[in-house]
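Structure assessment
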Amino acid sequence: MEKKEIIKISSKSRLVLILLIVFLGMLGVHRMYAGKWITGIIMLLGFISFYLILFVGLWLIYDLIIAITGEFTDKEGGFIRNW
């Protein structure tokens, strides 16, 4: 018998997530919205630090791509796919 994988879907909005990434992404607000407070604060501190701003920018592009494709997850592992 095959095992069927159950996919958890988050109640968070993908549209809100993408808008947060576009307008406040460098501050890590989108990660805080998804419940990922620690990585959100790391992004915020990286943005404040001039030397890490390039790293945060690349991280932001990665987050935008996975958010658009619906693969971004919240803190509980649920995919943020609902518009």
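The next point concerns the side chain of His30. In this fold, His30 is placed in helix H2 (residues 29–33). One polar contact links His30 to Asp63, side chain to side chain, over a distance of 2.8 Å. Setting aside chain neighbours within four positions, we find His30 in contact with Leu17, Leu20, Ile21, Gly25, Met43, Leu60, Asp63 and Phe72.

What follows concerns the environment of Gly40. Considering the arrangement of structural elements, one finds Gly40 in helix H3 (residues 37–48). Taking the C-alpha atoms as reference, Gly40 lies 11 Å from Val56; in sequence the two are 16 residues apart. Once residues within four sequence positions are removed from consideration, Gly40 is found in contact with Leu27, Gly28, Arg31 and Met32.

It is worth spelling out the packing of aromatic side chains at this point. Evaluation of the coordinates by the stated rule reveals 1 aromatic pair. Ring geometry for Phe55 and Trp59: centres 5.8 Å apart, planes at 45 degrees, overall tilted. Of this pair, Phe55 and Trp59 both sit in helix H4 (residues 53–68), 4 residues apart, which is roughly one turn of the helix.

Okay, the packing of H3 against H4 next. One can describe the packing of H3 onto H4 by two numbers: an axis separation of 8 Å at closest approach and a directional angle of 140 degrees. One finds that H3 runs oblique with respect to H4. Both H3 and H4 take part in a crossing whose hand is left-handed. In this structure, H3 uses Thr39, Ile42, Met43, Gly46 and Phe47 to contact H4, whose residues at the interface are Ile53, Val56, Trp59, Leu60 and Asp63. Here the residues of the contact of H3 with H4 sort into 7 nonpolar, 2 polar and 1 charged.

Here the focus is the nonpolar core. Grouped together as the largest cluster of nonpolar side chains are 12 residues: Leu17, Ile18, Ile21, Ala34, Met43, Val56, Trp59, Leu60, Ile66, Ala67, Phe72 and Ile80. In terms of residue count, H4 provides more of this core than any other element does, 5 residues in total. What Ile21 contacts, discounting residues up to four positions off in sequence, is His30, Leu60, Asp63, Leu64 and Ala67.

Rules used in this analysis
- Residue positions are given per chain, counted from 1 along the sequence in the order it is written.
- Residues qualify for local features only when their pLDDT is at least 70, as the model is predicted, and side-chain atom pairs are given and counted only at 80 or more; totals for whole chains, interfaces and linings, by contrast, use all residues.
- The side-chain quantities take in all heavy atoms of the structure and omit both hydrogens and water.
- Each helix is a run of DSSP H or I of at least 4 residues and each strand a run of E of at least 2, with the numbering of both proceeding from the N terminus.
- For the purposes of these results, a polar contact is taken to be a pair of N or O atoms within 3.5 Å, where, inside protein, one atom must be able to donate a hydrogen and its partner to accept one; residues adjacent in sequence count only when each atom of the pair is a side-chain atom.
- Whether two residues touch is decided by their heavy atoms; if any such pair falls within 4.5 Å, the residues are in contact.
- Aromatic rings from Phe, Tyr and Trp, taking only the six-membered ring of Trp, are treated as a pair when their centres fall within 6.5 Å; an angle between ring planes under 30 degrees marks them as stacked, one over 60 as edge-to-face, and anything in between as tilted.
- To obtain each axis, a line is fitted to C-alpha atoms, and for helices this fit is confined to the stretch in contact; angles are then taken between N-to-C directions over 0 to 180 degrees.
- Orientation labels follow simple angle bins: below 35 degrees gives roughly parallel, above 145 gives roughly antiparallel, 65 to 115 gives roughly perpendicular, and whatever is left gives oblique.
- In this scheme, a crossing is called left-handed if the near helix is turned counterclockwise away from the far one by less than a right angle; it is called right-handed if the turn is clockwise.
- Under the scheme applied here, ten amino acids are nonpolar (Ala, Val, Leu, Ile, Met, Phe, Trp, Tyr, Cys and Pro), four are charged (Asp, Glu, Lys and Arg), and all others, including Gly, are polar.
- Among the buried residues, those of types Ala, Val, Leu, Ile, Met, Phe, Trp, Tyr and Cys that are joined through side-chain atoms within 4.5 Å form a nonpolar core.
- Working definition: with a 1.4 Å probe on protein chains only, accessible area under 20% of the residue-type maximum means buried, over 50% means exposed, and in between means partly exposed.

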